[in-house]
Amino acid sequence: MLTDYHLHLRVDEIGATPADYFTAANAERYRELATARGIAELGVSEHIYRFTQALDIWQHPFWREYAHDDIDEYCEFVREHTDLRLGIEADFIPGAEDRIANLLDACDFDYVVGSVHFLRDHALDMNDYSVWGSGRSAKDIWRAYFLALGEAARSGMFDILAHPDLVKVWGSQRPLPEGDLRRYYELALDGIAESGVAIEVSTAGLRKHVQEIYPAPAFLEMCVEAGAPVALSSDAHRPEDVGADYERALELLDRVGVSELCVFDRRERRLEPIGAGVV
Ligand SMILES: [Zn+2]
Ligand SMILES: [Zn+2]
């Protein structure tokens, strides 16, 4: 069994409308490529901030610019017109836990992917609103990121922690703290261990400046030792990227002794052995 649970049916551009991308034919293109790559279990997890309902959670100007779609229409489309599992990628916004939980509980998701894309009002992985130009040191940003990740885990709202060391996304284009990075990973570890949340192994980092899988092998090892199960995803925003570079992800999983992957159904989790997988 192989999975790809962190999929977007559209690119992140604001002009990518549901009418163009939330179609049975588009979902079928993802399914066909997945099947060709030996991936049986697929789910879609659109960004929460594309939905108008997300403005009840947070009023960041980036969210206000992007929130145009209706979340109920999205859920209905996925359930009625595709054979994909229904997920969502929801940001962790400290202080808004109740409002996030209310929105997530109103829909019958198979799973919720939780992400830390922002530190307060500053973005980690975008040029707009960037945290990297805010005068904070790399040490401070890394510390704040992993503390937020641990808090996201502990909130209990998420089934999967997405791209767990996203803070490295820019690679050498942004300052990096010196020395052993495990002192930062450590900050998230208690939350991960106590919550039992699944850790996403994502090949998306290979398509970013950093050109590495999320998370770093040392962080993955620490999570696995702490008992965290693994969810495998590509974070594809177009059909061609479904299961991208899975051979490298499988090699990493094998190296750290992971032999099972999480499968979700209406927010119930079970573990399935990693298939021989034609990739
Ligand atoms: Zn993300
Ligand atoms: Zn994503």
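Scope of this entry: the structure provided in the associated data block.

Cut-offs and rules
- Residues numbered from 1 in each chain as written.
- Chains lettered and ligands numbered in written order.
- Predicted model: local features only at pLDDT ≥ 70, side-chain atom pairs only at ≥ 80, totals over all residues.
- Heavy atoms only, no water.
- Donors = N, O, S within 2.8 Å, 3.2 Å for Na, K, Ca; no water.
- Tetrahedral: all angles 85-135°; square planar, octahedral: opposite > 155°, others 65-115°.
- Helix = DSSP H or I, 4+ residues; strand = E, 2+ residues; numbered from the N terminus.
- Buried < 20%, exposed > 50% of the residue type's maximum accessible area, 1.4 Å probe, protein only.
- 1 Å grid on protein atoms, 1.4 Å probe; cavity = no way out; pocket = protein on both sides within 12 Å on 5 of 7 lines; lining within 4 Å.
- Points joined across faces, edges and corners; volume = space filled by probe spheres on them.
- Nonpolar A, V, L, I, M, F, W, Y, C, P; charged D, E, K, R; others polar.
- Core = buried A, V, L, I, M, F, W, Y, C linked by side-chain atoms within 4.5 Å.

**Side note on the coordination of the zinc ion (ligand 2)**
Argument step 1. Ligation of the zinc ion (ligand 2) by protein atoms is provided by H6 (NE2), H8 (NE2), E89 (OE) and D235 (OD), these donors lying 2.0 to 2.4 Å from the ion.
Argument step 2. Classification of the site at the zinc ion (ligand 2) rests on its four donor atoms, whose angles at the metal span 80 to 162°, yielding the label irregular.
Argument step 3. Taken as a pair, the zinc ion (ligand 2) and the zinc ion (ligand 1) show a spacing of 3.6 Å, with E89 coordinating each metal. Here E89, found in strand β3 (residues 85–91), pairs with D235, found in the loop between β9 (230–233) and α9 (246–255); they are 146 residues apart in sequence, far enough to count as distant.
Argument step 4. For D235, a relative accessible area of 9% puts it in the buried group.

**Points about unusual backbone geometry**
Argument step 1. For the bond running from Y214 to P215, omega is -10°, close enough to zero to count as cis.
Argument step 2. Tracing the backbone shows P215 in the loop between β8 (198–202) and α8 (217–225).
Argument step 3. One non-glycine residue, R120, adopts positive backbone phi at about 50°.
Argument step 4. As for its position among the elements, R120 is in the loop between β5 (118–119) and β6 (122–123).
Argument step 5. In the Ramachandran plot, R266 falls in the positive-phi region, its phi being about 45° despite a non-glycine side chain.

**Observations regarding the layout of surface pockets**
Argument step 1. Within this model, the largest pocket holds a volume of roughly 670 Å³.
Argument step 2. Lining the largest pocket are 26 residues, and of these D12, H47, D125, K208 and H237 sit closest to its centre.
Argument step 3. Of all the secondary structure elements, the ones that give two or more residues to the lining of the largest pocket are α3 (61–66) and β3.
Argument step 4. Residue composition of the lining of the largest pocket, by class: 11 nonpolar, five polar and 10 charged.
Argument step 5. The volume enclosed by the second largest pocket comes to roughly 240 Å³.
Argument step 6. P94, F118, L119, R120 and A148 are, among the 14 residues lining the second largest pocket, the residues nearest its centre.
Argument step 7. Where the lining of the second largest pocket is concerned, the elements lending two or more residues are β5 and α6 (138–154).
Argument step 8. Along the lines of polarity and charge, the residues of the lining of the second largest pocket split into 10 nonpolar, no polar and four charged.

**Some remarks on the nonpolar core**
Argument step 1. Of all hydrophobic cores here, the largest spans 92 residues; its most connected members are W63, F109, F146 and I192.
Argument step 2. Here this core gets nine residues from one element, more than from any other, and that element is α6.
Argument step 3. V113, A198, A231 and V263 belong to the second-largest nonpolar core, a separate cluster that totals 10 residues.

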